[in-house]
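# Residue-level structure breakdown
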Protein chains: 2
Amino acid sequence: MKSDIEIAQSVTLKPITEVVEQVGIGFDDLELYGKYKAKLSFDKIEEVKNNKPGKLILVTAINPTPAGEGKSTMSIGLADALNKIGKKTMIALREPSLGPVMGIKGGAAGGGYAQVLPMEDINLHFTGDMHAITTANNALSALIDNHLHQGNELGIDQRRIIWKRVVDLNDRALRHVTVGLGSPVNGIPREDGFDITVASEIMAILCLATDLEDLKERLANIVIGYRYDRTPVYVKDLQVEGALTLILKDAIKPNLVQTIYGTPALVHGGPFANIAHGCNSVLATTTALRLADYTVTEAGFGADLGAEKFLDIKTPNLPTTPDAIVVVATLRALKMHGGVAKADLTQENVQAVKDGFANLERHVQNMRKYGIPVVVAINEFVTDTADEINALKELCRSIDVPVELASVWADGADGGVDLAKTLIKTIEENPANYTRLYDDSDDLETKITKIVTEIYGGKAVTFGPKAKTQLKQFAQFGWDKLPVCMAKTQYSFSDNPSQLGAPTDFDITIREFVPKTGAGFIVALTGDVMTMPGLPKKPAALNMDVAPDGTAIGLF
Amino acid sequence: MKSDIEIAQSVTLKPITEVVEQVGIGFDDLELYGKYKAKLSFDKIEEVKNNKPGKLILVTAINPTPAGEGKSTMSIGLADALNKIGKKTMIALREPSLGPVMGIKGGAAGGGYAQVLPMEDINLHFTGDMHAITTANNALSALIDNHLHQGNELGIDQRRIIWKRVVDLNDRALRHVTVGLGSPVNGIPREDGFDITVASEIMAILCLATDLEDLKERLANIVIGYRYDRTPVYVKDLQVEGALTLILKDAIKPNLVQTIYGTPALVHGGPFANIAHGCNSVLATTTALRLADYTVTEAGFGADLGAEKFLDIKTPNLPTTPDAIVVVATLRALKMHGGVAKADLTQENVQAVKDGFANLERHVQNMRKYGIPVVVAINEFVTDTADEINALKELCRSIDVPVELASVWADGADGGVDLAKTLIKTIEENPANYTRLYDDSDDLETKITKIVTEIYGGKAVTFGPKAKTQLKQFAQFGWDKLPVCMAKTQYSFSDNPSQLGAPTDFDITIREFVPKTGAGFIVALTGDVMTMPGLPKKPAALNMDVAPDGTAIGLF
């Protein structure tokens, strides 16, 4: 069996100029990065501003398990299949982070015959967006420390600076550091830490900004810490939002690439789904909607986290709302939700499929609460048996949700045609009627309670002592009318990663809030959130190399 | 008077594809980064490998003073003037670092009517080379800390790790840090520090590597620290040279841009001139030599530092040796070397010109020791008087060195025509006969003594206690046959920055050595070397902004 990189390198790519002709993008609309990658010009984005948006398809999934669900692969294969049946389709995806690539084998550009290409570039530096975000983030840190060092006119309390530095690497040794050591000429000593770049608020901002001016306004509204009197200090107090915007002026432009089947793909922005909203950029999704008749996009993790944030945080920034939601599942993952251990997944187990279905069912019903029709996509594996498949189909019928098997990993566009047809039929027969879960005018407690009870299926929310204090402060600062961005384990509806299936009878405890006033949401922490991964004992980097002609080796 | 950015933005750029046609580069040889920047493909570099190299012109200068000498501006103007008089010329320059741009107004892409464009891009992210170097450098740091954390099989002494992290920013608070704090899951606590990216050994390596295989071999030979038994640990011991090369596979390709007059410019690589060799990449210079009849290139700081390293470290890696050296001076700077304070420079002072000439004269005579003909270029300022100019010309005639006034800042190519003609005449009438100052087989003491006595004009070299111990160790490790890279103040021939003019009767003390076995040289430290700048009280960032259409504001 060919590896992802072998399949990717066996494809003859078309020049990106040719790929994008089908959606009306010309040579002069592009800023090329080599022959197969490009950024879309501001002029083109402006030109299509009044185009009627096409249909929006959101791909989400059951709670992830170690068995994998293949959401990106399904999104790509579905877009290819839609084009195959004659629907003018684009795909809008997140861009991967370089850091994890050095750690564990496995990219973020799809897999098998459902990939976006050139996958080597997309997984390495791509068009430099991550580097621009890293630079803007760390320029802000340097400017903060310089402000302290040069007299601290703003009276910033160095013990209460919440803005951290970032690197786009898995580097556990940088989680907690002390800076400013050595001598008075090296600044004010203080504790700091590094997150991975995708966890930066600037990444979330880039993904929600609608243009350069909106970007600058959001950057200006970042809270970097507090004064000695506990009042917040914003980037606008430091007057550096212009410089930060300048650093990001190209990163905000959406990137164009292609799938194996030549579907134009916008791959842009990649905020961490556990500390931010976890979807690709508003500008990319919006642009796709205005250029194509169908846009396929994806939200991070399971539907309880990723799709909820897509629908409650991102959607209000889009020119339209989703017309259909595809919930991806695999029989293997459902069997894990039904209690089977990973080692036993190759054994047929119809009862476990039935038991695990509870997880899928709750996600389907949750998505329906937003007034959007749902289709279930089963990502086919060779170990799936006919009885298991039939059992799952039967269960889907029992809750009236269309279901299709799709083999896009192995068969590419052909493997997604049934799903594409069912999806089109669903959209045509069931007009969506989007309703947001909460209103901005709800206070933070209300918003969180709605998410916990209506989406997670929990009983109630408990606020810890720190969170309670913050609720009062945030109301004073005028932050209580912002949307909530939940930081919770992706593995369970509850805050306990080992509770698979569809747990009930649980509470959620909010330990602490983190203000992301630039991005425009308040993060609610339900436990420790890992914002800087580490490398494994044998990092993937050990197997990487490059041939004398520049061909990547061992990347995946 | 227009600012640099106003002049730059008033120019209508040609597409880079058109600019490079004059040197035989076609569309398929390019990897475009937008319309006005491109990387040259490995295929094209390979195709021209056997072309006879053209003439090489090295631009250097007197010791820099706060009055400025305008070396990059002169290099660009000279190349434009050579093209103007019908000589097929390319220019090969260093690329600027983003960090200092946020600190102090003033770019590194020339000035006035002698600039490389698009200057905004060149001064910001350009084609991402700096970011790739930052990433490779910090990936190595993460892999080292991960090695310690995962059992430390190689027995690395965490107190003796010499590999530091980098950021491409001026950030004094990162000079000395502690990492690995917080808990056992965050790795091994140890002291570390950040340099600015251009000070990374990986930058020096990228600038000396002749192809991807050479790059990988040099990366493998980096010393990252020592074991508990004091033996060196190399990157090859960690087996990650392949991954680091992969991260750098595009950064090694030279970047093509244009001057205001449409001269094709290779702008690639920018190692710090005080801790490394300070010239643009071997691959860029070599490629220019094979494509054009004349290549103008530049070395960092004054001729005692930059040109010495160009001639003793870089030149042996080139397919040819310089055919002429241009030493740039200004009357203002010579007057400072003659004892005038900066505030008094606008006053005519012929005697100070005569006194300061000693600095210029020593640089001219030094360059002649390498067997290469020298031309002096006076970078014209409005405050220069006829008597001062005549005095300087007279002094130059007294030592038989051709001298020309050039007004490239104000007049562009026209302002450099006389210089270009004199230079061509000098090259045609005086064939160069390059002699290196020392042999690789000389030991480190001998190499340093030759540099100090023959170039700096000092009496002798003293080695401090640490340096003496290292001399013995380095001989054991087989590092004593490498070239020497001097780290010394750029402001004086001596190691005392306040000794202007042409001091004699001084010794140089070598405090410590730093092995850069990947780059392939040993750094000799004569004092404290600043490898991480800080930001000023009012950073340039405060004035930066970007217009809604993406136009940079306040960059220079």
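This text goes with the structure placed above it.
The text that follows walks through the structure, step by step, so that each part is easy to find. As the structure is a prediction and not an experimental result, all values here were calculated from the model.

Parameters at a glance
Residues numbered from 1 in each chain as written. Chains lettered and ligands numbered in written order. Predicted model: local features only at pLDDT ≥ 70, side-chain atom pairs only at ≥ 80, totals over all residues. Heavy atoms only, no water. Helix = DSSP H or I, 4+ residues; strand = E, 2+ residues; numbered from the N terminus. Rg over C-alpha atoms; globule rule 2.2 N^0.38 Å. Buried < 20%, exposed > 50% of the residue type's maximum accessible area, 1.4 Å probe, protein only. Contact = heavy atoms within 4.5 Å. Areas by Shrake-Rupley, 256 points an atom, 1.4 Å probe, with all protein chains shown as cover. Lys, Arg positive; Asp, Glu negative; His and termini not counted. Charge placed at Lys NZ, Arg CZ, Asp CG, Glu CD. Salt bridge = Lys/Arg side-chain N within 4 Å of Asp/Glu carboxyl O. Phe/Tyr/Trp six-rings, centres within 6.5 Å; stacked < 30°, edge-to-face > 60°. Core = buried A, V, L, I, M, F, W, Y, C linked by side-chain atoms within 4.5 Å. Polar contact = N/O pair within 3.5 Å; in protein donor to acceptor, adjacent residues only side chain to side chain. Least-squares fit on C-alpha atoms with pLDDT ≥ 70 in both. Expected span 1.5 Å × (residues − 1).

### Re the overall build of chain A
- When helices and strands are counted, chain A shows 20 helices and 26 strands.
- Radius of gyration (C-alpha) of chain A: 23 Å, near the 24 Å computed for a compact globule of 556 residues.
- Over its C-alpha atoms, taken along the principal directions, chain A stretches across nearly 70 × 60 × 50 Å.
- Residues counted as buried form 66% of the 556 residues belonging to chain A.
- The contacts of chain A with a sequence gap of at least 6 include a subset with a gap of at least 24, amounting to 76%.
- For chain A, the accessible area works out to roughly 18300 Å², and carbon and sulfur atoms hold 48% of it.
- Positive and negative side-chain charges of chain A, numbering 56 and 69 respectively, have mean locations separated by a distance of 3 Å.

### Here we look at the pattern of salt bridges
Residues and elements named next belong to chain A.
- Within this structure, the stated rule accounts for 68 salt bridges over all chains.
- Lysine 71 is the salt-bridge partner of glutamate 298, the closest N and O atoms lying 3.8 Å from each other. Here glutamate 298 is found in strand β16 (residues 294–298), whereas its partner lysine 71 is found in helix α4 (residues 71–84), with 227 residues between them in sequence. Summarising the burial analysis for this pair, glutamate 298 and lysine 71 share the class buried.

### Quick look at the packing of aromatic side chains
Residues and elements named next belong to chain A.
- Across all of its chains, the model carries 14 aromatic pairs over all chains by this definition.
- Arranged with centres 6.3 Å apart and planes meeting at 25°, the rings of phenylalanine 463 and phenylalanine 513 form a pair that is stacked. Of the two residues, phenylalanine 463 is situated in strand β20 (residues 460–463) and phenylalanine 513 in strand β23 (residues 512–516); the sequence distance between them amounts to 50 residues.
- Residue classification places phenylalanine 463 among the buried positions, given a relative accessible area of 14%.
- Ring pairing ties together the aromatic residues Tyr226, Tyr234, Phe463, Phe474, Phe477, Trp479 and Phe513, which thus form one cluster.

### Looking at the nonpolar core
- In terms of nonpolar packing, the biggest core is built from 401 residues, with Leu360 of chain A together with Leu360 of chain B touching the most fellow members.
- Ignoring sequence-local partners within four residues, the contact set of leucine 360 of chain B consists of Ile62, Val327, Ala329, Leu334, Val376, Leu392 and Cys396 of chain B.

### A look at unusual backbone geometry
- A cis geometry characterises the amide bond from leucine 117 of chain A onward to proline 118 of chain A, with omega recorded as -5°.
- On the secondary structure map, proline 118 of chain A appears in the loop between β6 (114–117) and α6 (119–123).
- The backbone of asparagine 152 of chain A sits at a positive phi, close to 55°, despite the residue not being glycine.
- On the secondary structure map, asparagine 152 of chain A appears in the loop between α7 (129–149) and β7 (156–161).
- Judged by its relative accessible area of 15%, asparagine 152 of chain A falls in the buried class.
- A positive phi angle, near 50°, is found at phenylalanine 126 of chain B, a position not held by glycine.
- Along the polypeptide, phenylalanine 126 of chain B turns up in the loop between α6 (119–123) and α7 (129–149).
- We classify phenylalanine 126 of chain B as buried; its relative accessible area is 7%.

### Things to note about the interface of chain A and chain B
- Of the residues lining the interface, 73 residues belong to chain A; the matching set on chain B comes to 73 residues.
- For the pair chain A and chain B, the number of links is 6 salt bridges.
- Here aspartate 545 of chain B ties to lysine 216 of chain A by a salt bridge, and the two come within 2.7 Å at their closest N and O atoms.
- Summed over the shared surface of chain A and chain B, the number is 33 residue pairs in polar contact (both at pLDDT 80 or more).
- Of all elements in the fold, only β1 (30–32), α5 (98–103), α7, β8 (165–167), β9 (177–179), α9 (212–220), α11 (241–247) and β25 (545–546) of chain A reach the threshold of two or more residues within the side of chain A that touches chain B.
- Here the side of chain A that touches chain B gets 10 residues from one element, more than from any other, and that element is α7 of chain A.

### Some points on the relation of the copies chain A and chain B
- By a simple turn and slide, chain A fits onto chain B: the slide is 0.0 Å along the axis, the RMSD is 0.0 Å, and the turn is 180°. In short, the pair behaves as if placed about a two-fold rotation axis. Minimal C-alpha distance to the rotation axis in chain A is attained by tyrosine 33 of chain A, lying at 2.2 Å.
- Here 100% of the interface residues in chain A have copies in chain B that are interface residues too; the copies meet face to matching face.

### Some points on helix α4 (residues 71–84) of chain B
All names here are of chain B.
- Over its 14 residues, α4 extends 20 Å from the first C-alpha to the last, a length consistent with the 20 Å expected when each residue adds 1.5 Å.
- Across the 14 residues that make up α4, a large majority, 12, are buried.
- The set of residues buried in α4 consists of Lys71, Ser72, Thr73, Met74, Ser75, Ile76, Gly77, Leu78, Ala79, Asp80, Ala81 and Leu82.

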